[in-house]
Amino acid sequence: MKILSVNAGSSSLKFQMYEMPEEKVLISGVFERIGINGSCYTIKLNGEKVSKDAILNSHKDAVKILVEELIANNIIADLNEIKGIGHRIVQGADKFESSVVINDEVLKTISDLSSLAPLHNPAAVIGIEAFKEMIPNAVAVAVFDTSFHQTMEEETYLYALPYEWYTDYQVRKYGAHGTSHKYVANRLSDILNKKDSKVIVCHLGNGGSITAVKNGKCVDTSMGFTPNAGLVMGTRCGDIDASIIPYMMQKTNMTPQDIDNVINKKSGLLGISGVSSDSRDVENGIKEGNKRCLLAEKIFVRRVVDYIAKYYVLLNGVDAIAFTAGIGENSITIRKQIIEKLSILGVELDEERNNVRGKEQLITADNSKIACYVIPTDEEVMIARDTYSFIEG
Ligand code: ADP
């Protein structure tokens, strides 16, 4: 059965088509600069990438070309072969504890939640509508980044703010990257072969979050009301003293939009290093002796370690820690620094095993008290699995 896994952004649309239940990727790609000059798309098929220019005035144009490419490349002969389309949705708030089949009411709720994810949910709605129009017979499923975190208890997800901010304005911790955390936590529990496992998943990409998982359920996560909480990220500040915001607004006459822009787009690795949001550039800066790059990496590492320590206590001990996403899967040096700072917990790095990028591997020594792994994440397959499960009952 053919299932499409879709991630629609405001000007992009990523897709991956699976043969299910085998989970075989048949074709994948990305449409970029939708509605902007210079739009194009890239398709990956049989290990080869092909990029083409295209006029993409809307997401509908992208879906139309996608369908043409699927037919031209003999992936499908007929549109009806696509039985399901799974859509990645960033914000489901406390409305969705799991994935759902999309009907008018679900679509409206996703749209109504746009104030909590102004960049992401409106784009997802546009994507859902474009696919519905072009491929009406496929079952459309919404897979939420927030669902995995819905198992957090009230004492975990509430902020110490006036309670009415929660009841009247939905201010609470929702978390992010849930689909990735769930995939990696499931994979870890398979590796450990232990159902009642206690694990910590470090999703370290351009955006980053850490989740404490007990028996497959999320107990706490570092992301908050928005995806700008917890860790130091590429351009996001993560946890800060909230009073810095009114202080800087008064000092510099910044508007709420101005300050929002600074804490989301000009902070994190970029803000401290002054060089780049990309950890590879920061690592190169360190090699060239740039002190602010070194400082940026130290603050980044320190925050990750703080969260691991906090979740170690919360979980009352940990069986395993996983590193995933761009930095977690690829940065040998950042993983090394994090693990070395965990020595008090009996964690011992194996340098040779850690010399790995983008591949599932144990990276600690056999006598390490906590096993640490690199586990490449796969959000797309999770979306395809959930979508398939609705069709196969
Ligand atoms: P997101 O999906 O949040 O945009 P990614 O998971 O793609 O981000 O992660 C991007 C980060 O991963 C960047 O900081 C980048 O430097 C880092 N990264 C990607 N590849 C490598 C690599 N080979 N070595 C070190 N860091 C890498």
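Below or above, wherever it landed, is the structure these notes cover. This one's a predicted model, so the numbers in the text were calculated from it and none came from an experiment.

A few points about the sheet that holds strand 6 (residues 82-89)
Taken in spatial order, the eight strands line up as 5-4-3-2-1-6-8-7 in an open sheet, and their pairing is mixed. The strands lining the two open edges of the sheet, one partner per strand, are strand 5 (48-53) and strand 7 (100-101). Here strand 6 runs beside strand 8 (residues 139-144); their pairing, made up of six bridges, is parallel. Bridging across to strand 8, H87 finds its partner in A142.

Looking at the nonpolar core
I321 and I338 are the most contacted members of the largest nonpolar core, which has 35 residues in total. Among the elements that line this core, the one with the most residues is helix 11 (residues 291-314), at nine residues. Dropping the residues within four chain positions of it, I338 is found in contact with L204, V301, V304, V305, I308 and F323. With 28 residues, the next largest nonpolar core counts V6, L26, L66 and I85 among its residues.

What about the side chain of D145?
Relative to the elements of secondary structure, D145 occurs in the loop between strand 8 and helix 4 (154-157). Overall, D145 belongs to the buried group, its relative accessible area being 3%. At a separation of 2.5 Å, a polar atom in the side chain of D145 contacts the side chain of R88. At a separation of 3.4 Å, a polar atom in the side chain of D145 contacts the side chain of T179. When neighbours within four sequence positions are excluded, D145 is seen to be in contact with R88, I89, V90, A176, H177, G178 and T179.

Regarding the packing of aromatic side chains
Throughout the structure, instances matching the rule amount to seven aromatic pairs. Look at F15 and F31: their rings are 6.0 Å apart centre to centre, the planes differ by 40°, and that puts the pair in the tilted class. Taken as a pair, F15 in strand 2 (residues 13-19) and F31 in strand 3 (residues 24-32) lie far apart in primary sequence, 16 residues in all. Under the relative-accessibility criterion, F15 is labelled buried at 3%. When its relative accessible area of 0% is taken as the criterion, F31 is described as buried.

Examining the sheet that holds strand 12 (residues 320-324)
The six strands are arranged 11-10-9-12-14-13 in an open sheet whose pairing can be described as mixed. Strand pairing shows two members of the sheet lacking a second neighbour, strand 11 (217-221) and strand 13 (361-362), which therefore form its edges. In this structure, strand 12 lies alongside strand 14 (residues 371-374), joined through four bridges in parallel fashion. In the strand pairing of strand 14, F323 is matched with V374. Of the strands in this sheet, strand 9 (198-204), strand 10 (208-214), strand 11 and strand 12 are in contact with helix 11, which crosses strand 10 at around 15°. Of the strands in this sheet, strand 9, strand 12 and strand 14 are in contact with helix 13 (residues 332-340), which crosses strand 12 at around 155°.

Here's the deal with the pattern of salt bridges
Per the counting criterion, the structure on display carries 18 salt bridges. One salt bridge connects K2 with E19, and the closest N-O pair in it is separated by 3.2 Å. Residue K2 is located in strand 1 (residues 2-8), and its partner E19 is located in strand 2; the two are separated by 17 residues in the primary sequence. For the residue pair K2 and E19, the accessibility class agrees, reading buried in each case. When the shortest N-O distance is used, the salt bridge between E69 and K52 registers 2.9 Å. In this pair, E69 is assigned in helix 1 (residues 59-72) and K52 in strand 5, connecting sequence segments 17 residues apart. Classification of K52 as partly exposed rests on a relative accessible area of 36%. Salt bridges here are not isolated pairs; linked through shared partners, they connect K2, E19 and E81.

Concerning the site of the ligand
All residues adjacent to the ligand are G205, N206, G207, D278, S279, R280, A325, G326, I327, N330 and R357. In the environment of the ligand, an oxygen atom lies 3.0 Å from a nitrogen or oxygen atom belonging to the backbone of N206. Taking R280, its side chain carries an N or O atom lying 3.3 Å from an oxygen atom of the ligand. Bound to the protein, the ligand loses 67% of the 580 Å² it would expose on its own. In a pocket analysis with a 2 Å cut-off to the grid points, the ligand is assigned to the second largest pocket. Within the residue set of the shell around the ligand, elements represented by two or more residues are helix 10 (279-287) and helix 12 (325-330). Top element by residues in the shell around the ligand is helix 12. It accounts for four residues.

About the cut-offs
Residues numbered from 1 in each chain as written. Predicted model: local features only at pLDDT ≥ 70, side-chain atom pairs only at ≥ 80, totals over all residues. Heavy atoms only, no water. Pairing = 2+ DSSP bridges. Helix = DSSP H or I, 4+ residues; strand = E, 2+ residues; numbered from the N terminus. Core = buried A, V, L, I, M, F, W, Y, C linked by side-chain atoms within 4.5 Å. Buried < 20%, exposed > 50% of the residue type's maximum accessible area, 1.4 Å probe, protein only. Contact = heavy atoms within 4.5 Å. Polar contact = N/O pair within 3.5 Å; in protein donor to acceptor, adjacent residues only side chain to side chain. Phe/Tyr/Trp six-rings, centres within 6.5 Å; stacked < 30°, edge-to-face > 60°. Axes fitted to C-alpha atoms, helices over the stretch in contact; angles between N-to-C directions. Salt bridge = Lys/Arg side-chain N within 4 Å of Asp/Glu carboxyl O. Near = heavy atom within 4 Å. Areas by Shrake-Rupley, 256 points an atom, 1.4 Å probe, with all protein chains shown as cover. 1 Å grid on protein atoms, 1.4 Å probe; cavity = no way out; pocket = protein on both sides within 12 Å on 5 of 7 lines; lining within 4 Å. Sits in = over half its atoms within 2 Å of the grid points.

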